[in-house]
Amino acid sequence: RYASNDTVVAICAGRWSHTLMATAGLDLPMAPTLGFNIYTGPTPVALRAMVHAPDVNLRPEGAGRILVRSEEFDDAVALDDPVDPVPEVGKELLARAARYLPGLAGAAIEGARVALRSVPGDKLPAVGPVPGRDGLYLIVSHSGGTMGPLLGRLAALEIAHGERDSRLEPFRPGRLVS
């Protein structure tokens, strides 16, 4: 537990976490991966949760828009490739999504992005106090969309009240940070 007058710096900077850790003289190995995503325009589909189907993943993107991706197409576009106009693979992604959510058939593809995901070096989240660096707390994970709310709550309980959660033990930064 941190004392009430202790300053705690929480590094939650996604794929840039290793850069911030380096300012503290620490090495955080990362294994970022590319991801090609398309975004629909507003649709009549009211998606309220992530959908992980065998060949496509979907998530609500706000204002009736839906993000669509498939691991199969992650390397179809390089990080610096133009995505305007949307590459042809975008149409295949939308077609796959429409098989699971028929209301997406004929939806407009509003845009595309190539993302560089924040994946720690061993492909597992890193969450917790950084050993040997009092007041430094790390949260980095590719699973921010699904795990973010839980990780934020557990980190707040740990930082503010010293309440360690056993579910975080396998993910402590000490296994990675040097």
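Preceding this section is the structure that the text describes.
What you are looking at is a predicted structure, and each value in this text was computed from that prediction instead of being measured.

Counting across every chain of the model gives 14 salt bridges. Residue R96 pairs with E72 through a salt bridge whose shortest N-O separation is 2.8 Å. With R96 in helix α2 (residues 89-100) and E72 in the loop between β5 (65-69) and α2, the pair connects residues that are 24 residues apart, well separated along the chain. For E72, a relative accessible area of 51% corresponds to the exposed category. Between R167 and D165 there is a salt bridge, with the nearest N and O atoms lying 2.7 Å from each other. If you follow the salt bridges from partner to partner, you end up with E158, R164, E169 and R172 in one network.

Turning to the packing of aromatic side chains, a few remarks are in order. Summed over all chains, the structure comprises zero aromatic pairs. A cation over an aromatic ring shows up here: R113 above the ring of Y39, its NZ or CZ 4.3 Å from the ring centre.

Reading across the sheet, the five strands line up as β3-β4-β5-β2-β6 and stay open at both edges, with antiparallel pairing between neighbours. Both edges of this open sheet fall to β3 (51-52) and β6 (109-117), since each of them pairs with a single strand only. Bridge analysis of strand β2 (residues 33-40) against β5 gives three bridges, and the strand direction is antiparallel. Paired with Y39 across the bridge in β5 is L67. Sitting on the sheet, α2 is in contact with β2, β4 (57-62), β5 and β6, with an inclination near 70° to β2.

Cut-offs and rules
- Residues numbered from 1 in each chain as written.
- Predicted model: local features only at pLDDT ≥ 70, side-chain atom pairs only at ≥ 80, totals over all residues.
- Heavy atoms only, no water.
- Salt bridge = Lys/Arg side-chain N within 4 Å of Asp/Glu carboxyl O.
- Helix = DSSP H or I, 4+ residues; strand = E, 2+ residues; numbered from the N terminus.
- Buried < 20%, exposed > 50% of the residue type's maximum accessible area, 1.4 Å probe, protein only.
- Phe/Tyr/Trp six-rings, centres within 6.5 Å; stacked < 30°, edge-to-face > 60°.
- Lys NZ or Arg CZ within 6 Å of the ring centre and 35° of its normal.
- Pairing = 2+ DSSP bridges.
- Contact = heavy atoms within 4.5 Å.
- Axes fitted to C-alpha atoms, helices over the stretch in contact; angles between N-to-C directions.

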